[in-house]
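# Remarks on the overall topology
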Amino acid sequence: RVTTVTRMTGNALLVDSSVTALEYDRTHAHIARGGLDHYHIVLCLRGEMWFGAGRRELTLRPGDIGLVDMAVPNRTVLRDATGARARMMSVILPRALLAPRLAHPDSAMAFLPASHPHARLLASQFDALWRPEPDAGGAEATIVAMADIIAVAAGCTADTEHGAEGAERHLYLAMIKRHIAAHLETPALTVQELCQRFEISRATLYRLFEADGGLAHYIQEQRLNRALMLLIAPAAQGRRLIDLAVDLQFSSDSTFVRAFRQKFGLTPGEVRKRAEAWLRDTGTAPTTDNLLHQLTRR
């Protein structure tokens, strides 16, 4: 029994599969008949996956990541000792994307144990790709960065090795920004907490956010953006500004109002009044885009 959910994202296909015990032989005939020429970056979530191609083989257990080439004859065995279904999540890459990054594209295989920093870095991207940002270009850039990282593990070209640092920086920054977005209303966004959680140095963390005006500036900007969304939401109409300021970790309501006005040109109270007027006039709650567009015109 096989259950799969698939989704196209940018230049790759995402596949989330749950399978009962399975043995699958992919022969030359299968390859010729199917015409599929692609690589899988596989994350094991439950159970075990054994993959063999010629004399090379790898075994994936929860948290491990592997690269397999489906253009060569191979054998796959999926199992779970508990009797439950094995679960694997894959990013399927076209050969044209990954092969130029590999030193030996026709015999590529890679294994990253769950404890490896790059395994954790790649694993964090799988779940995020299922909920991509509205900007499809962001997902495509993430896929390309993942290709660079897995290529290093499989044996890459000199050019890819030189660019791997940029790919690692891109993925770390995306991972940390997702964490920040999920914890804007908690105090757990200190430099020390972020460094410990993501196992990076203070200097590395500061460098990652240089283009965003620094870590503290980025976090405050995101909290102010969240405040704007909450202020125009009908469900939050009765929420006191002091409560909003405290929840978003501002030291006082005056500090919050000052920072908000500096960013948006209006106080939180004025924005709330504009949102209420919009709701009365149109019968629908404003979005941040149309409210800011209205404010800009005025």
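To start, this report covers the structure provided alongside it. Being a predicted model, the structure only gives us computed values, none of them experimental.

Moving on, we get to the nonpolar core. Membership of the largest hydrophobic core comes to 52 residues, with the highest contact counts inside it found for Val91, Leu93, Leu98, Ile150, Ile180, Leu205 and Phe209. Looking at this core, the element that brings in the most residues is helix H4 (residues 136–154), giving eight residues. Every residue in contact with Ile150, bar those within four places of it in the chain, is listed here: Ile41, Ile65, Leu67, Leu98, Ala110, Leu112 and Leu122. The next biggest cluster of nonpolar side chains, apart from the first, holds 17 residues, and it includes Leu228, Phe264, Val271 and Ala275.

One non-glycine residue, Glu199, lies in positive phi territory at about 55 degrees. In this structure, Glu199 sits in the loop between helix H6 (191–198) and helix H7 (202–208). The class for Glu199 is exposed, based on a relative accessible area of 56%. Its identity as a non-glycine residue notwithstanding, Gln249 has a phi of 70 degrees, on the positive side.

In the case of a regular strand, side chains alternate between the two sheet surfaces. The sheet contact formed by strand E5 (residues 48–53) and strand E6 (residues 56–60) spans five bridges and is antiparallel. Paired with Met49 across the bridge in E6 is Leu60. Linkage of E5 to E6, two consecutive antiparallel strands, is achieved through a turn of two residues, within which Gly54 is found at a positive phi near 65 degrees.

Our next topic: the packing of helix H3 (residues 117–130) against helix H5 (residues 158–182). Contact geometry for H3 and H5: axes closest at 10 Å, N-to-C directions at 55 degrees. Taken together, the axes of H3 and H5 are oblique relative to one another. Crossing of H3 over H5 shows left-handed handedness. Together, Pro117, His118, Leu121, Leu122, Ser124, Gln125 and Ala128 of H3 and Glu168, Leu171, Tyr172, Ala174, Met175 and Arg178 of H5 make up the contact between the two elements. For the contact of H3 with H5, a count of residues per class yields eight nonpolar, three polar and two charged.

Turning our eyes to something else, we now look at the pattern of salt bridges. Side chains that differ in sign of charge can pair as their charged atoms come close. Applying the stated criterion to the full structure yields 16 salt bridges. Salt-bridge contacts for Asp69 lead to Arg95; the nearest nitrogen and oxygen are separated by 2.9 Å. Linking Asp69 in strand E7 (residues 65–69) with Arg95 in helix H2 (residues 95–98), this pair joins segments that are 26 residues apart in sequence. Of the residues examined, Arg95 reaches a relative accessible area of 13% and is grouped as buried. Two residues, Arg226 and Glu185, come together in a salt bridge whose shortest N-O distance is 3.9 Å. Residue Arg226 is found in helix H8 (residues 215–232), and its partner Glu185 is found in the loop between H5 and H6; the two are separated by 41 residues along the sequence. According to the relative accessible area criterion, Arg226 is partly exposed, its value standing at 23%.

Looking now at the packing of aromatic side chains. On inspection of all chains with the given rule, the structure shows four aromatic pairs. Between Phe209 and Tyr218, the ring centres sit 5.3 Å apart and the planes meet at 50 degrees, which makes this aromatic pair tilted. Taking relative accessible area as the criterion, Phe209 reaches 0% and is therefore assigned buried. The buried category is assigned to Tyr218, whose relative accessible area is 11%. Aromatic side chains Phe250 and Phe256 sit 5.2 Å apart centroid to centroid with 55 degrees between the ring planes, which places their arrangement in the tilted category.

Here we take up the sheet that holds E5. Strands sit in the order E3-E8-E5-E6 across an open sheet of four strands; the sheet is antiparallel. At either end of the open sheet lies a strand with only one pairing partner, and these are strand E3 (22–26) and E6. Across the sheet, the mean angle separating the axes of adjacent strands is 10 degrees when strand polarity is ignored. The pairing of E5 with strand E8 (residues 74–79) spans five bridges and is classified as antiparallel. Note on E8: the bridge partner recorded for Phe51 is Thr76.

Parameters and conventions
- Residues numbered from 1 in each chain as written.
- Predicted model: local features only at pLDDT ≥ 70, side-chain atom pairs only at ≥ 80, totals over all residues.
- Heavy atoms only, no water.
- Core = buried A, V, L, I, M, F, W, Y, C linked by side-chain atoms within 4.5 Å.
- Buried < 20%, exposed > 50% of the residue type's maximum accessible area, 1.4 Å probe, protein only.
- Helix = DSSP H or I, 4+ residues; strand = E, 2+ residues; numbered from the N terminus.
- Contact = heavy atoms within 4.5 Å.
- Pairing = 2+ DSSP bridges.
- Axes fitted to C-alpha atoms, helices over the stretch in contact; angles between N-to-C directions.
- Parallel < 35°, antiparallel > 145°, perpendicular 65-115°, else oblique.
- Left-handed = near helix turned anticlockwise from the far one by under 90°.
- Nonpolar A, V, L, I, M, F, W, Y, C, P; charged D, E, K, R; others polar.
- Salt bridge = Lys/Arg side-chain N within 4 Å of Asp/Glu carboxyl O.
- Phe/Tyr/Trp six-rings, centres within 6.5 Å; stacked < 30°, edge-to-face > 60°.

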